[in-house]
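# Secondary and tertiary structure notes
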Amino acid sequence: MKVDGKDLRTIWLDPDEKTVKIIDQRRLPHELVLIDLETVDDAITAIKDMAVRGAPLIGATGAYGVYLATLNTPRHTIEDNFLMTECDRLKSARPTAVNLAWAVDSILAEVLKENQPDKRIATARDQAACITEQEVERCKKIGEHGLPLIDAIRRRKQGQTVNVLTHCNAGWLACIEHGTATAPIYAAFDQGIDLHVWVDETRPLNQGNRLTAWELGKHGVKHTIITDNAGGYLMQQGKVDIVIVGTDRTTATGDVANKIGTYLKALAARDNKIPFYVALPSSTFDWNLKDGIKEIPIEERDPDEIRYIDGRANGKNERVLICPAESAAANYAFDVTPSRLVTGFITERGICEATQEGIKRLFPEQF
Ligand code: MRU
């Protein structure tokens, strides 16, 4: 995507093939800073500390982490046990987004087919690049398939502004390019459709107001940041035409894990008869799960992410306590929206109903 006229992705392999470059998302929107990942531990830390975040990007970082694991160890140690241990460490960096395990396991399977250390390194590098490119292509297709939904609303509203509501950041920053929830938004904007995005701030880490607002602004998309609790009110006032969110893991039956608060948006959308779509690449389906509420692991993060807030004052980054120092806080990072509240999935193969039958129609080979 373009940032101040320059093409930028969220992750890439440096031409020296020793360093993986990422955008440090903790520093946005105030500073655009790149970080070098040189070891598998750098990749694990970047995922854990959320320098990279968002399901597809976590997957791509995990994939490059496998490459860095093979690269930075003596050739004779690149054996099966070593690889499997490093992959387990990568996969446990964050529990909810299934793209991480999917990407790491896909690469591991290919690397284990090779016996020579140099071939293992080259395979890990090539597979990481391949997974990254495939995710970009999937997100592009999500945009193409989602665009008609927005266009249909434009026609119904006879050219009046289309209002989209989104939660968290399922934009290009969460992916590599295009985004998932934002892919139809960018596609519609690039076609000249007049649209406006309500951006949930997304407490506690504010992926909405820090990241979604930043990337929409860089692309020129009209947007307004709202508190996480404002969406229901706006829906009642007829100010939301469609909700589009991303997901970190979706079951084969259509239950959707996404950033905490997504479920409440889905409930409000259903009550107000507003379509609620989930945009996802096939890498975010967990084909083995049937009951999202029982089976999807929900990450619990450091309570200090709730108790403190980061911001910018007098040109400096500041962290301030915003609650009684002695109060307990519980930081559940995701929730699960049952499939019955989801209008449909926007995937790289088209749009389907949020049911096992609907998903099977698009991805029959998984069933
Ligand atoms: O904790 P995060 O910021 O990694 O959570 C990200 C989200 O919940 C996104 O909405 C989701 O990953 C979809 S990203 C395309």
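Structure: see above.
The following refers to the structure shown. Because the structure is predicted, anything quoted here is derived from the model rather than measured.

Definitions and limits used
- Chains are numbered independently. Their residues run from 1 in the order of the written sequence.
- With pLDDT at 70 or above as the cut-off, local features in this predicted model cover only qualifying residues; side-chain atom pairs require 80 or more to be listed or tallied, and sums for whole chains, interfaces and linings still use all residues.
- Side-chain measures were taken over the full set of non-hydrogen atoms in the model, leaving aside hydrogen atoms and water.
- In what follows, salt bridge is the name for a side-chain nitrogen of Lys or Arg lying within 4 Å of a carboxyl oxygen of Asp or Glu.
- Numbered from the N terminus, helices here are DSSP runs of H or I no shorter than four residues, and strands are runs of E no shorter than two.
- For every residue, the accessible area (1.4 Å probe, protein chains only) is compared with the maximum for its type, and the residue is labelled buried under 20%, exposed over 50%, or partly exposed between those bounds.
- Two strands are counted as paired when DSSP detects at least two bridges linking them.
- Comment: axis = line fitted to C-alpha atoms, over the contacting stretch for helices; angle = value between 0 and 180 degrees taken between N-to-C directions.
- The method works on a 1 Å grid over the protein atoms by themselves. A cavity is a set of points holding a 1.4 Å probe that cannot get out, a pocket is an open set with protein on both sides within 12 Å along at least five of seven lines, and residues with an atom within 4 Å of a point line them.
- Grid points are joined across faces, edges and corners, and a volume is the space filled by probe spheres set on the points.
- All domain edges in this entry derive from an automatic or database-based domain assignment.
- The nonpolar class holds Ala, Val, Leu, Ile, Met, Phe, Trp, Tyr, Cys and Pro. Asp, Glu, Lys and Arg form the charged class, and all remaining residues, Gly among them, are polar.

The next point concerns the pattern of salt bridges. Enumeration according to the criterion identifies 33 salt bridges in this entry. Across the salt bridge formed by D36 and K21, the nearest N and O atoms sit 2.9 Å from each other. Of this pair, D36 sits in strand β5 (residues 34–37) while K21 sits in strand β4 (residues 20–23), and the two are 15 residues apart along the sequence. Three or more residues are tied together by salt bridges with common partners; here these are R94, E299, R301 and E305.

Mapped onto the elements of the fold, A330 is located in the loop between β16 (316–321) and β17 (331–332). Its relative accessible area of 47% is what places A330 among the partly exposed residues.

Attention now goes to the sheet that holds β4. The three strands are arranged β3-β4-β5 in an open sheet whose pairing can be described as antiparallel. On the outer flanks of this sheet lie β3 (11–13) and β5, each paired with one strand and no other. Taken pair by pair, the neighbouring strands of this sheet meet at an average axis angle of 25°, ignoring direction. Both β3 and β4 contribute to a ladder of three bridges, which runs antiparallel. Bridging from a neighbouring strand, I11 pairs with I22 of β4.

The full count for this structure, using the stated rule, is two cavities of 30 Å³ or more. By volume, the largest cavity is sized at about 170 Å³. In terms of lining, the largest cavity is formed by 22 residues, of which the most central are R53, G54, A55, N169 and D248. Those elements that provide at least two residues to the lining of the largest cavity are α2 (55–71) and β11 (256–259). The two domains that each donate at least three residues to the lining of the largest cavity are domain 1 (2–134) and domain 2 (143–366). A breakdown of the residues in the lining of the second largest cavity according to their chemical character gives five nonpolar, two polar and four charged.

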